[in-house]
Structure formats: structure tokens, C-alpha cells
Amino acid sequence: MSVWQLLKEIRARIKKSEIKGTIDLLGNPFYVNQVSAEKLRSCGVRKFQLSLDGLEEKHDFLRKKGSFRETLRAAKELKKAGIRTTCMFTLSKFNAPDLIPVMRRVAEEKFDAFAFARLCKPEKWSVEEYKEQMFSPLEYKQLLTSVYEEHEKIAKENPEIRFVLKDHLWELFLYERYTPQERKEIRKISRKKIVASGCSLGIGSLSILADGRVYACRRFPSPIGKVPDQRLIDLFIDSKKLNFYRDFTQYEKCSPCPLLYICRGCGAVACGYSGSFFGPDPQCWYGIN
């Protein structure tokens, strides 16, 4: 089955279903042109996520020569076809100086949304190599402060762009700015054990690889089964491995935290750092003076 046939099949199933759904894609820019963009739109694609991991020099170094300009070109073609464009930035110490400049450039290029997430350990990297690209907790808190202030400045000049607070540690950042009454409401959520936000692993998402393997999360090795050998609904409800990840009592630092049900940090980052999904998020500053 071709990509186009697959998209049409998905669209047809969405139309038949009582559950409302949309088709959003994550991809590279090289095959996006006027014809393919219009075809994507005709197949029901609503949103397309592209990546910029720095300004031209660093992005091309990390991705592929010429990909920075290709990404900006593809974004224009997608928008002409009526497809919303979002930009994703994968953050490390190496490209952190480019984060705010990329935010500004993305706003100038009229992307519809921007978000960033921290680098998770690449499979071939050693733990030591990974740690070299990590911020200390207080360094990361300061970075979020700078980004948040820049969000507000850019949003005033470009109100059409949406800055998505994707990283789960934004919840801790915002919590520290809440009023006493707002913090009281957060504690109520924790007492009721209602998952209101934070990592969606085991709560509302699964990842399917090209070969049919199903991962609990695409950002670290977490296989739980395979399709079509197994049904997704069975994997999501009955998987012993997924139920293992749902046991919040295993979080080494987060279990007693008042933000357990809205934050939990990033288990993929923790896994790359310590080998344990339930280990402390190495950039979490909660409890650090």
C-alpha cells in the first residue's frame, strides 16, 4: 500500500467513525512541493511538522546540507495548500544558542506553531557523550525563563503563532508562578490521582515503527508488541509492559511530588541518563535551592 492509499484509507475510516479525528504528519521537507502538498491536503492532512534544530549552519550540520532552506521552502508550499505548519526543535547544549534565534525566524516565516523538546540519548551514543549535551537543573530552569520571556515578546508581534510548551518540566516552571490558590487546586488533583497532564505514555499514546513494532514511547527503546499480529486496543489495555510503566509508585523522585499527576518530567531523558524510566529527570530542579 502506498502512502497515498494509506492516507485515503485512514481518512475514510475517520469519516465512518463516530470519533472525530484528524491526520497530522511528521516528515522531512525534501519531497514536499506544490503537487505533493496539494495531494496531502486532498488526502485529509491537516498539519505537517517539520524540524529546525538550529540556524542554517548548525541545522545542516545536524541534519543534511541544504535542509535548512529546504525546510523553509517546504513550509511555504504546505501553507499555500492550506496545511498548518509546525516547527520542532530538538534541544542540546550544542544548539541551545540557536533556540531563541530559531523561534524568531520561525515567527518571521509564518509557521503556525513552534515547540522544542530535549534530546534523548541516541542509540549509538555512550552515556558519557549524552551527559555532555545536558544542562544542569538550574541551567535548564534559566533557559526556560529566557524562552518564556521571548515567547511573550514574539507573541505580541506575531499573535498568529502558537508556542507549544511541550517539555513536561514546563509544568514545574509554571507551578512556581501559580498563586497559592492555584497550587492548592494542583494538590487536589494529586489527591484524586487524576492524570491531568505530563507524559502521555500509557495514558493516551503509542508509537508504531515502520516494521510494525509498537513502542510505549518513540523516544527510547520501549517495545510492547507488534501489529498486525496484535490489536492496538489489546496492547494498550492489556500489555504487561505498558501497565508496568503506568505504575506511578515506581518514580524515584516524583512519587511524593505534588506535581506527580501533571508533570513527572521526561522518562525518556531519565532512561538515557540513568537507564531507568522511573529515575529522576536529570534537569528537574524541584527541591534544589
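Everything numeric in this text was worked out from a predicted model, so none of it was measured.

**Regarding the overall build of the chain**
- Looking only at helices and strands, one finds 12 helices and eight strands in the chain.
- For 289 residues, the compact-globule estimate of 2.2 N^0.38 gives 19 Å, and the chain sits close to it at 20 Å.
- Overall, the chain is about 55 × 45 × 40 Å in size when its C-alpha atoms are taken along their principal axes.
- Counting only residues that meet the buried cut, the chain has 43% of its 289 residues in that class.

**Describing unusual backbone geometry**
- Val 227 connects to Pro 228 through a cis peptide bond whose omega is 5°.
- With respect to the helices and strands, the residue Pro 228 is situated in the loop between strand S8 (223-226) and helix H10 (232-238).
- Of note, the phi angle at Lys 110 is positive, near 65°, even though the residue is not glycine.
- Taking the relative accessible area as the measure of exposure, Lys 110 reaches 41% and is therefore partly exposed.
- The phi dihedral of Arg 264 is positive, around 75°, even though this residue is not glycine.
- Structurally, Arg 264 can be placed in the loop between helix H11 (240-245) and helix H12 (267-274).

**A few points about the packing of aromatic side chains**
- Enumeration over the complete set of coordinates arrives at 18 aromatic pairs.
- Relative to Phe 163, the ring of Phe 114 lies with its centre 6.3 Å away and its plane at 75°, an arrangement referred to as edge-to-face. In this pair, Phe 114 sits in strand S4 (residues 113-118) while Phe 163 sits in strand S5 (residues 162-163), placing the two residues 49 residues apart along the sequence.
- Overall, the relative accessible area of 13% leaves Phe 163 in the buried class.
- Three or more aromatic residues joined by ring pairs make a cluster, and in this case those are Phe 220, Phe 244, Tyr 245, Phe 248, Tyr 251, Tyr 261, Phe 277 and Phe 278.
- The ring of Phe 173 carries the charged tip of Arg 177 above its face, separated from the ring centre by 3.7 Å.
- One cation-aromatic arrangement involves Arg 246 over Phe 236; the distance from NZ or CZ to the ring centre is 4.9 Å.

**Description of the pattern of salt bridges**
- This structure, assessed with the given rule, holds 18 salt bridges.
- As a salt-bridge pair, Lys 79 and Asp 112 come within 3.3 Å of each other at their nearest N and O atoms. Pair noted here: Lys 79 is in helix H4 (residues 67-80) and Asp 112 is in the loop between helix H5 (99-108) and S4, with a separation of 33 residues, a long-range link.
- In this structure Lys 79 comes out as partly exposed when scored by relative accessible area, which is 33%.
- For Arg 105, the salt bridge goes to Glu 109, with nearest N and O atoms at 3.1 Å.
- Look at the salt bridges and you will find they share partners, linking Asp 24, Arg 46 and Lys 47 into a network.

**Some points on a positive patch on the surface**
- Among the surface-exposed residues, Lys 184, Arg 187, Arg 191 and Lys 192 lie close enough to one another that they form a single positively charged patch.
- Positionally, Arg 191 belongs in helix H9 (residues 180-192).
- For Arg 191, a relative accessible area of 59% translates into the label exposed.

Rules used throughout
- Residues numbered from 1 in each chain as written.
- Predicted model: local features only at pLDDT ≥ 70, side-chain atom pairs only at ≥ 80, totals over all residues.
- Heavy atoms only, no water.
- Helix = DSSP H or I, 4+ residues; strand = E, 2+ residues; numbered from the N terminus.
- Rg over C-alpha atoms; globule rule 2.2 N^0.38 Å.
- Buried < 20%, exposed > 50% of the residue type's maximum accessible area, 1.4 Å probe, protein only.
- Phe/Tyr/Trp six-rings, centres within 6.5 Å; stacked < 30°, edge-to-face > 60°.
- Lys NZ or Arg CZ within 6 Å of the ring centre and 35° of its normal.
- Salt bridge = Lys/Arg side-chain N within 4 Å of Asp/Glu carboxyl O.
- Patch = residues over 30% accessible without salt bridge, like charges linked within 9 Å, V, L, I, M, F, W, Y side chains within 5 Å.
- Areas by Shrake-Rupley, 256 points an atom, 1.4 Å probe, with all protein chains shown as cover.
- Lys, Arg positive; Asp, Glu negative; His and termini not counted.
- Charge placed at Lys NZ, Arg CZ, Asp CG, Glu CD.

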